[in-house]
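Listed below, chain by chain, are the residues.
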Amino acid sequence: MLPVPTSHSPALGPGCAGPSLAYASASTRSDIAPPSAQQPCCGSEPFMVDPSAAAGLGLRRHTDTPYVTGTSVLGITYKDGVMLAADTLGSYGSTKRYKSFERLAKVNDATVLGAGGELSDFQYIQTLLDELATEDYCADDGMQLTPREVYAYLSRVLYNRRNKFDPLWNSLVVGGLEGGVPFLGTVGMIGVHYTDKHIATGFGQMLARPLFRERHRPDMSEEEATELLHDALRVCYYRDKQTTNKFQIAKVTAEGVSVSEAFALETQWGYQAFVNPAANALGTW
Amino acid sequence: MSGIGTGYDLSTSTFSPDGRVFQTDYAQKAVDNSGTVVGIVCNDGVVLGVEKPIVSKMLVEGSNRRAYAVDRHAGVAVAGVAADGRQIVNRAVQEAVSYKNLYGDAIPGRVLADRLASYVHLFSLYWYSRPYGTASLLAVYDDDGPQLYLIEPSGAGHRFFGTAVGKGRQAAKTEIERLKLHEISCEQGINEVAKILHSVHDEEKPFEMELAWICEASGREFKRVPAELAAAAERQAKAALADSDMED
Amino acid sequence: MFRNQYDQDVTTWSPQGRMHQVEYAMEAVKQGSAAVGLKSDTHVVLATLNRASSELSSHQRKTFKVDDHLGIAMSGIISDGRSLCRYMRNECLNHRYVFEAPLPTARLVRQVADRAQVCTQRSWKRPYGVGLLVAGFDKAGGKLFYCCPSGSYYDYKAMAIGARSQAAKTYLERKFEEFASADLDTLIRHGLQALSASVTDGELTKDNVSVALVGKGTPLTLLEDADLEPHLAALADEVGGDGAGSGGAMEEGGGADGASAPPAAPDGASGAAEAAPAPEDEPPAPMET
């Protein structure tokens, strides 16, 4: 590949012996642009999406940024199973471009999938899962993928794609019921995956998770769980500008999978600070 | 069979002097010797029925499947060599998947039938392969409505209102011709198919019946006929058979 | 010279619509020593008879673990069986990697059978010369399949394959209705009893028997050597107390033996192997596939 200094590792800093890293950086190559806002300084290259693109070789840029995106997905377990919630916005940058994009999808009779991030990648993932579901249908042996298997499969797919430096730009939440036990897991675009009793992706990790930690119990009733999700969605809507007030809730119970019609939540914008936003910021607005 | 002993019947790629490819005829023989498979198009869907001889009492009931779904909207019942049949089914599944990946929609029946026939035909062309010993009845429900196709070992494919292959095909076809297919629904259709399969099964050997359909009742998806309905059809068929025996 | 000109090639159909080469491959299964499989509601058991070709050699392994939930027993050309076994292990491993779950038995068996079918349709191949009994326990419960060289597979409650397996089959056919509710030890004993019916000289010992079992909460386990002793001892007691069961099966075994000489088989091959049972699992010239 590229010539690499072996005496020290640029990732660890000068003078530190470390594993030789096969990438180019401004410290090893003069033809590379110096650090900037778009290109962080030395040592962060391994965490960038496509080193070849970072190295200015002009290769593959199409995976650098997502285009139409969805924001957080929330998920909690409760007494009867699992509930997922998300809004229906497909953002084009900061533009609220697609307002009725369903980001919660049924996978099979016991599994539901929610997605944030690049929505075309999500649609692609849906075709993958649909193919698997059809395979199960054709086998006609009464077996279908369990939520845990869907979750394992997705983590393999996303991790594999990330290793090809062509990631599927999604944060996924898999929910389902397996032998009467709720399952809830999440898979990130670089293949990080974990299960928990409650899960939120993206901004929801900061906004909804604290609420979940405070109020979530595995033995919540359906009403309690719905109310908790409503509150969490409301917080997300207030504080995350990529959210719109049009939500769906998906449910997996012993009766099967159901994805609700889109609904809006009641919101309160009558605060004094909203009425006269410049009052406390003299000279700016 | 004028081919025997002449040497013109040993290879798939050999014509006999009078223009026959005996190897495909012989493959068809394997189909003709197998359990009967019946397919009919009713006014709201397609019914497929298979007669399966039970070779051992230690077999699990309902095993040795002969009718397979190849997509939600299509299914195949095979007569002849079961192992060959599975390959054709596999190919049908692949065709359905690849069509969907390319065009984003379910494969139409005529396209699937066409592609399957081409696939089967491929094996009747070269010295290094043998033709499939399987005839496939393909049931599809697409935008053009319910359809039934038959694909033979030679690669010939035809669309039918109703047909039968296997041992009892002649008698079965006569029975099918008597039915007013446009006037009956699939719910009645399964009874007729059950009756036909029971009547053409003349030996005392035990057999199992496999019924599959695609119609409004199955949600336009290719499915096995629900156990209760299949059992009712079987009872009714046996009763009808007993009645006609009495009359004789 | 040729009795039959349609039996030289896998790609030739006979005028009757038969495939002679495939039928001959099925005969190869009968050349190997017997393998027995049976299942209850909770467990599946395989048992094989192992024969060493000489006092100085070991026997060839005929029972294999494929995965935690799945094992196979085979009869015929064992080298063919081992390559199928490797394929099955690979498929199970891949499935575990992708889904973190065991591969359902029925789906694996179908894949194996599809692989076997391909060998019956290409002129440069020969069919596998091995029969596989596949035991698995998955979401669908206990499963026992017989996978044969023609590419067919059958879902059985109990089955026996290999030399003189007709005797074992007779035993199983008489008893299989009891198996569903049997506990594991009883099931193993039935397996051994069936197997003993296909032994003509000598008896079952810990040296010539292998057992594989799998079931609910029990990963696939191979029982060999000392592990078998309690079961063989119990079997001996049973035979001592109730000689009618196995004795009857033995007789039928003797009668059915002749039936396993295939009418359609080429001269020499089967007859010779039947007469000299020693090199049973080493048929002439096994090829790499």
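Residues numbered from 1 in each chain as written. Chains lettered and ligands numbered in written order. Predicted model: local features only at pLDDT ≥ 70, side-chain atom pairs only at ≥ 80, totals over all residues. Heavy atoms only, no water.

## Thoughts on the overall build of chain A
Part 1 of the reasoning: Counting secondary structure elements, chain A contains 7 helices and 13 strands.
Part 2 of the reasoning: A burial count over chain A gives 47% of its 285 residues as buried.
Part 3 of the reasoning: Here the analysis covers contacts within chain A between residues at least 6 apart in sequence; of these, 56% occur between residues at least 24 apart.
Part 4 of the reasoning: When the accessible surface of chain A is split by element, carbon and sulfur atoms take 54% of a total near 14400 Å². (Helix = DSSP H or I, 4+ residues; strand = E, 2+ residues; numbered from the N terminus. Buried < 20%, exposed > 50% of the residue type's maximum accessible area, 1.4 Å probe, protein only. Contact = heavy atoms within 4.5 Å. Areas by Shrake-Rupley, 256 points an atom, 1.4 Å probe, with all protein chains shown as cover.)

## Here we look at the environment of threonine 36 of chain B
Residues and elements named next belong to chain B.
Part 1 of the reasoning: Positionally, threonine 36 belongs in the loop between helix H1 (22–32) and strand S1 (37–42).
Part 2 of the reasoning: According to the relative accessible area criterion, threonine 36 is buried, its value standing at 0%.
Part 3 of the reasoning: For the pair threonine 36 and glycine 168, spaced 132 residues apart in sequence, the C-alpha to C-alpha distance is 5.4 Å.
Part 4 of the reasoning: Among residues more than four places away in sequence, those in contact with threonine 36 are Gly49, Val50, Glu51, Val165, Gly166, Lys167, Gly168, Arg169, Ala172, Leu197 and Val200.
Part 5 of the reasoning: Here the side chain of threonine 36 touches glycine 168 through a polar contact of 3.0 Å, landing on its backbone nitrogen. (Polar contact = N/O pair within 3.5 Å; in protein donor to acceptor, adjacent residues only side chain to side chain.)

## Section: a nonpolar patch on the surface
Part 1 of the reasoning: Where nonpolar side chains cluster on the molecular surface, the patch consists of Trp269, Tyr271 and Phe274 of chain A and spans about 340 Å² of accessible area.
Part 2 of the reasoning: Structurally, tryptophan 269 of chain A can be placed in the loop between strand S13 (256–259) and helix H7 (272–275). (Patch = residues over 30% accessible without salt bridge, like charges linked within 9 Å, V, L, I, M, F, W, Y side chains within 5 Å. Salt bridge = Lys/Arg side-chain N within 4 Å of Asp/Glu carboxyl O.)

## What about the side chain of glutamine 147 of chain B?
Residue and element names in this part refer to chain B.
Part 1 of the reasoning: As for its placement among the helices and strands, glutamine 147 is situated in strand S6 (residues 145–151).
Part 2 of the reasoning: A distance of 2.6 Å separates polar atoms of two side chains, one belonging to glutamine 147 and the other to aspartate 142.
Part 3 of the reasoning: When sequence neighbours within four positions are dropped, the list of residues in contact with glutamine 147 reads Val41, Val46, Gly109, Arg110, Leu138, Ala139, Val140, Asp142 and Arg159.

## Notes on the confidence of the model for chain C
All names here are of chain C.
Part 1 of the reasoning: Looking at chain C, the pLDDT average stands at 85 and 82% of residues meet or exceed 70.
Part 2 of the reasoning: Counting contacts from residues 242–289, a segment whose pLDDT is below 50, to residues more than four positions away or on other chains yields 60 contacts.
Part 3 of the reasoning: Here the complex is predicted with pTM 0.85, and the ipTM for its interfaces comes to 0.93. (pLDDT = per-residue confidence, 0-100.)

## Here we look at the confidence of the model for chain A
Residue and element names in this part refer to chain A.
Part 1 of the reasoning: Put simply, chain A has an average pLDDT of 84, and 76% of its residues get 70 or more.
Part 2 of the reasoning: Counting contacts from residues 1–22, a segment whose pLDDT is below 50, to residues more than four positions away or on other chains yields 30 contacts.
Part 3 of the reasoning: Every residue in residues 40–47 is under pLDDT 50, and counting partners more than four places away or in other chains gives 13 contacts.

## Examining the packing of helix H3 (residues 147–163) of chain A against helix H2 (residues 78–99) of chain C
Part 1 of the reasoning: One way to put it is that H3 of chain A packs onto H2 of chain C with a least axis distance of 6 Å and a crossing angle of 90 degrees. Here H2 of chain C runs roughly perpendicular to H3 of chain A, going by the angle between their axes. Contacts between H3 of chain A and H2 of chain C involve Glu149, Ala152, Tyr153, Arg156 and Asn160 of chain A on the former and, on the latter, Tyr97, Val98 and Phe99 of chain C.
Part 2 of the reasoning: Across the contact of H3 of chain A with H2 of chain C, the residue classes break down as 5 nonpolar, 1 polar and 2 charged. (Axes fitted to C-alpha atoms, helices over the stretch in contact; angles between N-to-C directions. Parallel < 35°, antiparallel > 145°, perpendicular 65-115°, else oblique. Nonpolar A, V, L, I, M, F, W, Y, C, P; charged D, E, K, R; others polar.)

## Some words on the sheet that holds strand S1 (residues 35–39) of chain C
Residue and element names in this part refer to chain C.
Part 1 of the reasoning: Across the sheet, 5 strands lie side by side as S8-S1-S2-S9-S10; this open sheet has antiparallel pairing. Taken across any chain shown, the strands that pair with only one partner, and hence form the sheet edges, are strand S8 (158–161) and strand S10 (218–223). In this sheet, neighbouring strand axes are inclined to one another by 10 degrees on average, regardless of whether the strands run parallel or antiparallel.
Part 2 of the reasoning: Pairing geometry for S1 and strand S2 (residues 43–49), over 5 bridges, is antiparallel. Looking at the pairing, leucine 38 lines up with valine 45 of S2.
Part 3 of the reasoning: Helix-sheet contacts for helix H4 (residues 165–179) involve S1 and S8, and the interaxial angle to S8 is about 170 degrees. (Pairing = 2+ DSSP bridges.)

## Details of the interface of chain C and chain B
Part 1 of the reasoning: Every contact between the two is made by 36 residues of chain C and, on the other side, 36 residues of chain B.
Part 2 of the reasoning: At the boundary of chain C with chain B, total buried surface from both sides reaches about 3000 Å², with 54% on carbon and sulfur atoms.
Part 3 of the reasoning: For the pair chain C and chain B, the number of links is 2 salt bridges.
Part 4 of the reasoning: One salt bridge in this structure joins lysine 157 of chain C and glutamate 61 of chain B, with 2.8 Å as the shortest N-O distance.
Part 5 of the reasoning: At the boundary of chain C with chain B, the tally comes to 19 residue pairs in polar contact (both at pLDDT 80 or more).
Part 6 of the reasoning: If you list the elements that add at least two residues to the side of chain C that touches chain B, you get helix H3 (105–118), strand S7 (153–155), S8 and H4 of chain C.
Part 7 of the reasoning: At 5 residues, the largest contribution of residues to the side of chain C that touches chain B is made by H3 of chain C. (Buried area = accessible area lost by both parts, 1.4 Å probe.)

## Remarks on the sheet that holds strand S6 (residues 141–147) of chain C
Sheet strands line up and pair through hydrogen bonds in the backbone, either parallel or antiparallel.
All names here are of chain C.
Part 1 of the reasoning: Here we have 5 strands laid out as an open sheet, ordered S3-S4-S5-S6-S7, and antiparallel in their pairing. Whereas interior strands pair on both sides, the edge strands pair on one side only; in this sheet they are strand S3 (63–67) and S7. Going from strand to strand, the sheet's axes swing by 25 degrees on average, the running direction of each strand aside.
Part 2 of the reasoning: Pairing of strand S5 (residues 130–138) with S6 involves 7 bridges; the strand directions are antiparallel. Paired with aspartate 138 across the strands is glycine 141, a residue of S6.

## Digging into the interface of chain A and chain B
Part 1 of the reasoning: Facing 7 residues of chain A, the contacting portion of chain B comprises 12 residues.
Part 2 of the reasoning: Carbon and sulfur atoms make up 44% of the surface buried where chain A meets chain B, a total of about 840 Å² over both sides.
Part 3 of the reasoning: When the buried area of chain A at its contact with chain B is split by residue, Tyr137, Cys138 and Asp140 of chain A rank highest and sum to 64% of it.
Part 4 of the reasoning: Between aspartate 140 of chain A and arginine 65 of chain B there is a salt bridge, with its nearest N and O atoms 2.9 Å apart.
Part 5 of the reasoning: When its residues are assigned to classes, the side of chain A that touches chain B shows 3 nonpolar, 1 polar and 3 charged.

## Re the nonpolar core
Part 1 of the reasoning: Membership of the largest hydrophobic core comes to 47 residues, with the highest contact counts inside it found for Leu172 and Leu204 of chain C.
Part 2 of the reasoning: The contacts of leucine 172 of chain C, once residues within four sequence positions are left out, are Met58 of chain B together with Val36, Gly37, Leu38, Ala158, Met159, Ala160, Phe179 and Ala194 of chain C. (Core = buried A, V, L, I, M, F, W, Y, C linked by side-chain atoms within 4.5 Å.)

## Details of the packing of aromatic side chains
Part 1 of the reasoning: Under the counting rule described, the total for this entry stands at 16 aromatic pairs over all chains.
Part 2 of the reasoning: Consider the rings of phenylalanine 22 of chain B and tyrosine 26 of chain B, whose centres lie 6.1 Å apart with planes at 35 degrees: the pair is tilted. Of this pair, phenylalanine 22 of chain B and tyrosine 26 of chain B both sit in helix H1, 4 residues apart, which is roughly one turn of that helix. As far as the burial class goes, phenylalanine 22 of chain B and tyrosine 26 of chain B line up, both buried.
Part 3 of the reasoning: For the ring pair tyrosine 126 of chain B and tyrosine 128 of chain B, a centre distance of 5.2 Å and an interplane angle of 0 degrees mean the geometry is stacked.
Part 4 of the reasoning: Judged by its relative accessible area of 29%, tyrosine 128 of chain B is partly exposed.
Part 5 of the reasoning: Cluster of aromatic residues (ring-pair linked, three or more members): Tyr126, Trp127 and Tyr128 of chain B together with Trp124 of chain C.
Part 6 of the reasoning: For the cation-ring pair, arginine 115 of chain C lies above tyrosine 87 of chain C, with the distance from its terminal atom to the ring centre recorded as 4.2 Å. (Phe/Tyr/Trp six-rings, centres within 6.5 Å; stacked < 30°, edge-to-face > 60°. Lys NZ or Arg CZ within 6 Å of the ring centre and 35° of its normal.)

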